[in-house]
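An overview of the molecular structure
Letter by letter, the chains look like this.
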Amino acid sequence: MKNQKISRMVQLAILLAIVLVLQCFLGSIVVGTTSFSVVLVPIVIGAIILGPGAGAFLGFVFGLVVLIYGIIGTDKFTFLLFSAHPIFTAIICLGKGTAAGWGAGMVYRLLSKFSSFWASVAAAATAPILNTGLFILGSLTLISDTLQANLASFGADDLVVFLVIGCAGINFLVEFCVNIILSPAIYRIVTVVKKRIMK
């Protein structure tokens, strides 16, 4: 039992390190207005192997890095939002990441009774859907005034079109495709790790 606990802590620490490295180094790749979230892959792996709580924690850390980059001005878009609405921006950044990790873990837990492979695919799809969906929802309900006031500087005239196409469009498709394409690899990693834990 003690060995299992240590093993879980080590796995969580490794995944946390991967999340930090990916977000700190690849989070600066911006397409359109926002940056890619390649970091969702280790979050999904953590959510599947260690459960929804671990997925939520890894997602929270991902959101925290995004928020910190916004506060210090490295992420220009988040900086703009944080300058106008610090609390709402924090809620969006931390909330969407946490929900993406937790949701992926819950979907896997519910569906793994039927098929571990398809549960992994569904979990991998859930993370980018929640991450992007909650970003759009939060933007429309909490910080729409700031976005509306800056639409011209983004080269847009309609807020919903800007959020869905300009902010989320290409980024969501890339995140979604990366996660789905890597689903078999995610499944394989999960299978190997679980076999080792049970030994």
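Structural data are supplied above this passage.
Residues numbered from 1 in each chain as written. Predicted model: local features only at pLDDT ≥ 70, side-chain atom pairs only at ≥ 80, totals over all residues. Heavy atoms only, no water.

Re the overall build of the protein chain
When helices and strands are counted, the protein chain shows 9 helices and 2 strands. The secondary structure elements of the protein chain, listed N-terminal to C-terminal, are α-β-β-α-α-α-α-α-α-α-α. Its C-alpha radius of gyration of 17 Å places the protein chain within 12% of the 16 Å reference for a compact globule of 199 residues. Across its three principal directions, the C-alpha atoms of the protein chain cover 60 × 30 × 25 Å. Residue pairs in contact within the protein chain that sit at least 24 positions apart in sequence constitute 72% of those at least 6 positions apart. A total of about 10000 Å² of accessible surface is found on the protein chain, and carbon and sulfur atoms cover 74% of it. Distance between charge centroids for the protein chain: 35 Å, based on 12 positive and 5 negative side chains. (Helix = DSSP H or I, 4+ residues; strand = E, 2+ residues; numbered from the N terminus. Rg over C-alpha atoms; globule rule 2.2 N^0.38 Å. Contact = heavy atoms within 4.5 Å. Areas by Shrake-Rupley, 256 points an atom, 1.4 Å probe, with all protein chains shown as cover. Lys, Arg positive; Asp, Glu negative; His and termini not counted. Charge placed at Lys NZ, Arg CZ, Asp CG, Glu CD.)

Remarks on the packing of aromatic side chains
Aromatic ring pairs are described here by two measures, namely the spacing of the ring centres and the angle between the planes. All chains considered together, the criterion is met by 6 aromatic pairs. What links up through ring pairs into an aromatic cluster is the set Phe-77, Phe-135, Phe-154 and Phe-162. (Phe/Tyr/Trp six-rings, centres within 6.5 Å; stacked < 30°, edge-to-face > 60°.)

A short note on the packing of helix 4 (residues 76-84) against helix 5 (residues 86-111)
Between helix 4 and helix 5, the least distance of the axes is 5 Å, while the angle of their chain directions is 135°. The angle between the axes of helix 4 and helix 5 places the two elements in the oblique class. Between helix 4 and helix 5, the contacting residues are Thr-78, Leu-81, Phe-82 and Ala-84 on the first element and Pro-86, Thr-89 and Cys-93 on the second. Considered class by class, the residues forming the contact of helix 4 with helix 5 number 5 nonpolar, 2 polar and no charged. (Axes fitted to C-alpha atoms, helices over the stretch in contact; angles between N-to-C directions. Parallel < 35°, antiparallel > 145°, perpendicular 65-115°, else oblique. Nonpolar A, V, L, I, M, F, W, Y, C, P; charged D, E, K, R; others polar.)

Observations concerning the environment of Pro-184
Mapped onto the elements, Pro-184 comes out in helix 9 (residues 183-198). Between the C-alpha atom of Pro-184 and that of Ile-71, which follows or precedes it by 113 residues, the distance is 37 Å.

With respect to the nonpolar core
Grouped together as the largest cluster of nonpolar side chains are 30 residues, with contacts concentrated most on Val-19, Ile-43, Val-44, Ile-48, Phe-62 and Ile-186. Secondary-structure elements contributing two or more residues to this core are helix 1 (2-26), helix 2 (40-50), helix 3 (52-72), helix 5, helix 6 (116-142) and helix 9. Residues in contact with Ile-43, not counting those within four places in the same chain, are Val-19, Gly-55, Leu-58, Gly-59, Phe-62 and Gly-101. Leu-81, Ile-136, Leu-147 and Leu-163 belong to the second largest nonpolar core, which has 14 residues in total. (Core = buried A, V, L, I, M, F, W, Y, C linked by side-chain atoms within 4.5 Å. Buried < 20%, exposed > 50% of the residue type's maximum accessible area, 1.4 Å probe, protein only.)

Observations concerning helix 2
Helix 2 sits mainly inside the fold: 11 of its 11 residues count as buried. Listed in full, the buried residues belonging to helix 2 are Leu-40, Val-41, Pro-42, Ile-43, Val-44, Ile-45, Gly-46, Ala-47, Ile-48, Ile-49 and Leu-50. Backbone geometry just after helix 2 places Gly-51 at a positive phi near 105°.

Considerations on the side chain of Gln-11
Of note, Gln-11 is situated in helix 1. A polar contact of 2.9 Å, which involves the side chain of Gln-11, links it to the side chain of Ser-7. (Polar contact = N/O pair within 3.5 Å; in protein donor to acceptor, adjacent residues only side chain to side chain.)

Worth remembering: the numbers are spatial, not functional.
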